[in-house]
Amino acid sequence: MKSTPLPSSRTGSQVRASVLREILQRRDGQMTRQLLLHPGKHGLGMTHESLAADTTTTMVCGYCSTGCGLRIHLRDGEAVGLTPETNYPVNMGMACPKGWEALRVLESPDRATTPLIRRADGELHPATWEESLTRFTHEFKKIQQAYGNESVAVLSTGQIATEEMALLGALTKFGMGIKHLDSNTRQCMATAATAYKQSFGFDAPPYTYDDFEQSDCIVFIGANPCIAHPIMWERLLRNPNHPEVIVLDPRRTETAMAATQHLPLKPKSDLVLLYAITSEIISQGYVDYSFVQQHTNHFDELVRHVAHFTPESVAETSGISPDVIRHVAKTIGSARAASLWWTMGINQSYEGTRAAQAIINIALITGNIGRPGTGANSITGQCNAMGSRLWGNATNLFGHHQFESEDDRRKIADLFGIEPARIPTEPSWPYDRIIEGIRSGEVRGLWVIATNPSHSWIDHQETRELLGKLDFLVVQDMYTSTETARQAHMVLPAAGWGEKEGTLINSERRYSVLKRLRRAPGQALADFQIFRAIAEYWGLGEMFSSWDSPEAVFRIMQQASRGQFCDITGIDGYGQLDRCGGIQWPWSEADAQAASGCDPQQQRRLFSDGYFPTSNGRANLMVDSPTRVPEPACADYPFVLLTGRGTVSQWHTQTRTSKSAVLNKLYPSEAYIEIHPQDAMDLGIQHNEHVLVQSRRGSMTARACLTPTVSRGQVFLPMHYDTVNRLTLSHFDPHSRQPSYKDCAVRVERATRTHSRSK
Ligand code: SF4
């Protein structure tokens, strides 16, 4: 790392104050400079004078992993409106309601505008940055000195810029001595990342969105893109091949209704059903033996394993008839180009990693990988879950290196100019272990960044109690009103999308640029600037002196990626990302040289050469024995509770979407539960009536929505309401440690007036 010696004539506090002043000045002055440097293809050639006039520029949406391009309309250099970008290679002029409302949610009375500190009266009060950063450093250092470095942990997010994740990961793990940092992507993408790593040798979603338009058979497993990823669904509708669309989902979702085949499997029977489909693909002769022999390991083991899962033997467990299983196997096996896509129905499961690998197995043995319209394709959730997976420094060392590898630690240490001993030799505790650490007293200080565990973590009543026991809880967020911020000892006000710079990586591995087109309110700072200021106050200013802008960090990331499967050394900075509508990784210097100065193609997929970055260059076919549902429905709790996305207008804990009057009109403000009309009739429940939903852990009230889209014996709750995770059972996939949100047992009954009032 480049280091600038501190002037010896100034005290530490003078230096910190001056750095903070510089950061605050940059916050106020950076926007115009950034625009001049990166005006976007619709603003190219813009001069300083022209900023005064109305103009437009393009940047990536900051909600979901689709990564749509939005054209931002500017007045006097400030964003005043937006429209979907027609030339962007992701969305081609389309956007969902969340994207359309992206600017509106920045204006809200509960925006965090100044640091807050909880005082002796028990209330949060405004404070200066100087006082807050001094206190932050003092409290966390005091805890580390008393209980060891591991007693302070971090819960981060998939919602901030890649460069911010990289800086946070380096700052905490190589500087502050914090060993345990995990992200809320543990709740959505850990399973996919683990499955890919074990099967492909690298966490590498292989596809590009063009595959939606190229397949002649598209299979969605535990995915509802019509509402969760609507622009991807729109891409599918552009497919000229009239593809077969097969949906495996217990519910008759919006996507299932539009499919050509819907398999309403029983909850958590996905693994046995996928093994039966695999068994049928093999016995019906649809294996691509040439591909299997050249490019995979363990095929014989796979054949032996799935032979136990005949269509007849899984029919009762899965609820799917043998004829339907055979037909699906034939449809996939006989397709010219089949693509298989999954999201949370697979990932959020106690055996999700093996289920994801069962999908990967099908793609591999049928040769549906590396060709247009193919792939075993995990769709990501958050706008930068992919950035977190590569650069968060949690389960992987910076840029998908391994903490356990001495060579990798030395490579990263050399790059940063630090002693290898500063780098931990093992990955972070996962999220659930950090929560367990709070329970056991091993973790006493917690820094939560742009996430809301008091709402979103599984079985959250206990989580809320545990957070209340911490010696020091800091929440860094755009809003002061989240359930977690309300419990904090300190709130640090963060800038949001449109108020800061950096890059996001979308589901198809595309780096796209964020721009600063509005001023953050009050004293709020970009997360990047907050991390820089904390580095100074912690005494690490010298160590991070060259990490002085997001683009400088992007350059460091490029060097760290050299020689990795995710190599991005060929990208010529933010300007090229902006000009190209984003660039998918990998794009190495060798790729750039081979392209002779041309920009990368806009739609690129992985594994077209049949090489997988495993020890022998072949993909691993992975199988395992299915396990039992931990909490099956029973006489006392006769329903299986499914949770998931409610509408296209809601996002996770609704921290942002609830701020838009338009979005608020598009979904019920009160929690609702979907229940089959016959089950409701048996319980004497009328449509729209309040019901009490109880699990072994807690209860909530909701309005009954009678609908045959859920099967009998099942109920569905949208995850966005803050009472839902009172019910869920704390259990996890053993490989990915991802929570299993979709399979606990509940009972439902008519609510009394007292229940309805107490919610
Ligand atoms: Fe933004 Fe996702 Fe909607 Fe596209 S689909 S506009 S990225 S929220």
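Scroll up a little and you will see the structure.
Residue numbering note: each chain is counted from 1, following its sequence as written. Whole-chain, interface and lining totals are the exception, using all residues; otherwise, since this is a predicted model, local features are given only for residues with pLDDT of at least 70 and side-chain atom pairs are given and counted only at 80 or more. As a rule here, side-chain values cover all heavy atoms of the structure and leave hydrogens and water aside.

**Student:** I would appreciate a short explanation of the packing of aromatic side chains in the present structure.
**Tutor:** Note on aromatic pairs: each is described by the distance of the centres and the angle between the planes. Two rings belonging to Phe, Tyr or Trp (six-membered ring only in the last case) form a pair when the distance between their centres is within 6.5 Å. Interplanar angles under 30 degrees mark stacking, angles over 60 mark edge-to-face geometry, and anything in between is tilted. Counting across every chain of the model gives 32 aromatic pairs. Here phenylalanine 136 and tryptophan 447 contribute two aromatic rings whose centre-to-centre distance is 4.9 Å and whose plane-to-plane angle is 80°, an arrangement assigned as edge-to-face. Remark: tryptophan 447 occurs in strand S14 (residues 445-449) and phenylalanine 136 occurs in helix H3 (residues 129-147); sequence separation between them is 311 residues. Arranged with centres 5.3 Å apart and planes meeting at 20°, the rings of tyrosine 196 and phenylalanine 200 form a pair that is stacked. You can see tyrosine 196 and its partner phenylalanine 200 sitting in helix H5 (residues 190-200), 4 residues apart, about one turn around the helix. Throughout, exposure labels follow a simple rule: accessible area from a 1.4 Å probe, protein chains only, divided by the maximum for the residue type, with under 20% read as buried, over 50% as exposed, and the rest as partly exposed. For tyrosine 196, a relative accessible area of 0% puts it in the buried group. Put simply, the rings of Tyr196, Phe200, Phe202, Trp342, Phe565, Trp585, Phe607 and Phe612 touch in pairs and so form one group of aromatic residues. Two thresholds decide whether a charge sits over a ring: the Lys NZ or Arg CZ must be within 6 Å of the ring centre and within 35 degrees of the ring normal. Above the face of the tyrosine 147 ring, arginine 444 is positioned so that its terminal group lies 4.1 Å from the ring centre. A cation over a ring is seen here: arginine 656 above tyrosine 63, with NZ or CZ 4.1 Å from the ring centre. Helical segments are the DSSP runs of H or I of at least four residues, strand segments are the runs of E of at least two, and each set is numbered from the N terminus.

**Student:** Would you take a moment to explain the sheet that holds strand S9 (residues 244-248) for this structure?
**Tutor:** Sheets are built from strands paired through backbone hydrogen bonds, the pairs being either parallel or antiparallel. A pair of strands is treated as paired once DSSP finds two or more bridges between them. Strand order in this open sheet of 5 strands is S10-S9-S8-S12-S13, and the pairing throughout is parallel. In the strand order of this sheet, the two ends are held by strand S10 (261-263) and strand S13 (375-378), each with one partner. In this sheet, neighbouring strand axes are inclined to one another by 15° on average, regardless of whether the strands run parallel or antiparallel. Sheet topology note: the S9/S10 ladder contains 3 bridges and is parallel. If you follow leucine 248 over to S10, its bridge partner there is leucine 263. Here a residue-residue contact requires only that any non-hydrogen atoms of the pair lie within 4.5 Å. Throughout, an axis means a line fitted to C-alpha atoms (over the contacting stretch in the case of helices), and angles, computed between N-to-C directions, take values from 0 to 180 degrees. Across the sheet, H5 lies against strand S12 (338-342) and S13, angled at about 150° from S13, the strand it touches most. Each of strand S8 (217-221), S9, S10 and S12 touches helix H14 (residues 322-334); the most contacted strand, S10, lies at about 130° to it.

**Student:** What is the right way to read the environment of alanine 592 from this model?
**Tutor:** When you line up the elements, alanine 592 lands in helix H25 (residues 589-594). On the accessibility criterion, alanine 592 (22% relative accessible area) is partly exposed. Measuring from C-alpha to C-alpha, the distance between alanine 592 and tyrosine 667 comes to 47 Å, with 75 residues separating the pair along the chain. Those residues within four positions of alanine 592 in sequence are excluded, and the remaining contacts are Gly570, Trp587 and Gly597.

**Student:** It is not clear to me how the site of the ligand should be interpreted in this structure. Could you clarify?
**Tutor:** Near, as used in this document, describes a residue that has one of its heavy atoms within 4 Å of the molecule or strand being considered. Around the ligand, a shell composed of Cys61, Tyr63, Cys64, Thr66, Gly67, Cys68, Ala95, Cys96, Lys98, Gly99 and Ile231 is seen. When residues are sorted by character, Ala, Val, Leu, Ile, Met, Phe, Trp, Tyr, Cys and Pro go into the nonpolar class, Asp, Glu, Lys and Arg into the charged class, and all the rest, Gly among them, into the polar class. A class-by-class count of the residues in the shell around the ligand yields 7 nonpolar, 3 polar and 1 charged.

**Student:** Would you explain the pairing of strand S6 (residues 152-156) in this entry?
**Tutor:** Within a regular beta strand, the side chains point alternately toward one face of the sheet and then the other, so they alternate between its two faces. Counting buried positions over the 5 residues of S6 gives 5, a clear majority of the element. Taking every second residue as pointing to the same face, both faces of S6 are buried, with Val152, Val154 and Ser156 on one and Ala153 and Leu155 on the other. Handedness of the S6-helix H4 (residues 162-175)-strand S7 (residues 180-183) crossover: right-handed. Here, the term right-handed applies to a crossover whose path from the first strand over the helix to the second runs clockwise when the strands point away from the viewer.

**Student:** What exactly am I supposed to notice about unusual backbone geometry here?
**Tutor:** Excluding glycine, residues mostly have negative phi values, and the peptide bonds linking residues are mostly trans. Going from tryptophan 585 to proline 586, the amide bond is cis rather than trans, its omega being 0°. When you line up the elements, proline 586 lands in the loop between strand S19 (583-584) and H25. Its identity as a non-glycine residue notwithstanding, lysine 268 has a phi of 65°, on the positive side. Of note, lysine 268 is situated in the loop between S10 and helix H10 (270-283). Notably, histidine 400 is not glycine yet its phi reads approximately 65°, a positive angle.

**Student:** Teacher, can you tell me more about the sheet that holds strand S2 (residues 69-75) here?
**Tutor:** Read across the sheet, 3 strands follow the order S1-S2-S3 without closing on themselves; strand pairing throughout is antiparallel. Edge strands, defined here as strands with exactly one partner in the open sheet, are strand S1 (55-60) and strand S3 (78-84). Going across the sheet, the axis of each strand differs from the next one's by a mean of 35°, ignoring polarity. As paired elements, S1 and S2 share 6 bridges and run antiparallel to each other.

**Student:** How do you make sense of the nonpolar core when you look at a structure like this?
**Tutor:** Soluble globular proteins: nonpolar side chains tend toward being buried together. Core analysis: the largest hydrophobic core is formed by 133 residues, its most contacted members being Ile332, Phe398, Trp447 and Trp585. Those residues in contact with isoleucine 332 that lie beyond four places of it in its chain are Cys217, Val219, Ile246, Ile277, Ile281, Ala338, Leu340, Ile362 and Asn368. Formed by 45 residues, the second largest nonpolar core is a distinct cluster that contains Tyr63, Leu106, Cys226 and Ile379. By convention a nonpolar core is built from buried Ala, Val, Leu, Ile, Met, Phe, Trp, Tyr and Cys residues, the set being connected through side-chain atoms within 4.5 Å.

**Student:** Would you mind showing me how to read the side chain of arginine 645 here?
**Tutor:** Turning to its location among the elements, arginine 645 is positioned in the loop between strand S21 (639-644) and helix H26 (661-664). All tallies of charge rest on Lys and Arg as positive and Asp and Glu as negative; His and the ends of each chain are not included. In what follows, salt bridge is the name for a side-chain nitrogen of Lys or Arg lying within 4 Å of a carboxyl oxygen of Asp or Glu. Although arginine 645 is buried, it makes no salt bridge; glutamate 254 carries the closest opposite charge, 11 Å away. If we skip the residues at most four places from it in the chain, arginine 645 touches Lys98, Ile227, Ala228, Arg251, Gln650, Trp651, His652, Phe716, Met719 and His720.

**Student:** Looking at this model, I keep getting lost on the state of the cysteines. Mind explaining?
**Tutor:** Throughout this description, disulfide means a covalent bond between two cysteine sulfur atoms. Sulfur atoms of two cysteines make up a disulfide when they are within 2.5 Å. Per the stated rule, a full pass over the model turns up 0 disulfides. Unpaired in terms of disulfides, cysteine 598 finds its nearest cysteine sulfur in cysteine 580, a separation of 10 Å. Between cysteine 744, a cysteine without a disulfide, and cysteine 634, which holds the nearest cysteine sulfur, the sulfur-to-sulfur distance is 11 Å. Assessed through its relative accessible area of 2%, cysteine 744 is described here as buried.

**Student:** For this particular structure, what's the right way to read the packing of H10 against helix H12 (residues 299-306)?
**Tutor:** Between two packed helices, the angle of one axis relative to the other and the distance separating the axes together describe the packing. Interhelical geometry of H10 versus H12 gives an angle of 110° and a closest axis separation of 9 Å. The angle between the axes of H10 and H12 places the two elements in the roughly perpendicular class. Considering how the two elements wind past one another, H10 and H12 form a crossing that is left-handed. Residues Tyr275, Thr278, Ser279 and Ile282 of H10 pack against Leu302, Val303, His305 and Val306 of H12. Comment on the angle field: the value is read as roughly parallel under 35 degrees, roughly antiparallel over 145, roughly perpendicular from 65 to 115, and oblique elsewhere. Two helices crossing with the near one rotated counterclockwise from the far one by less than a right angle form a left-handed crossing, whereas a clockwise rotation gives a right-handed crossing.

**Student:** For this particular structure, what's the right way to read helix H24 (residues 573-580)?
**Tutor:** Since the α-helix packs 3.6 residues into each turn, any two residues three or four apart lie on the same face. Most of H24 is tucked away: 6 of the 8 residues are buried. When we look at burial in H24, the residues that qualify are Gly573, Tyr574, Gln576, Leu577, Asp578 and Cys580. Among the structural elements, S1, H4, strand S17 (499-505), strand S18 (510-516), helix H23 (550-561) and S19 are those in contact with the buried residues of H24. At the exit of H24 stands glycine 581, carrying a positive phi of roughly 70°.

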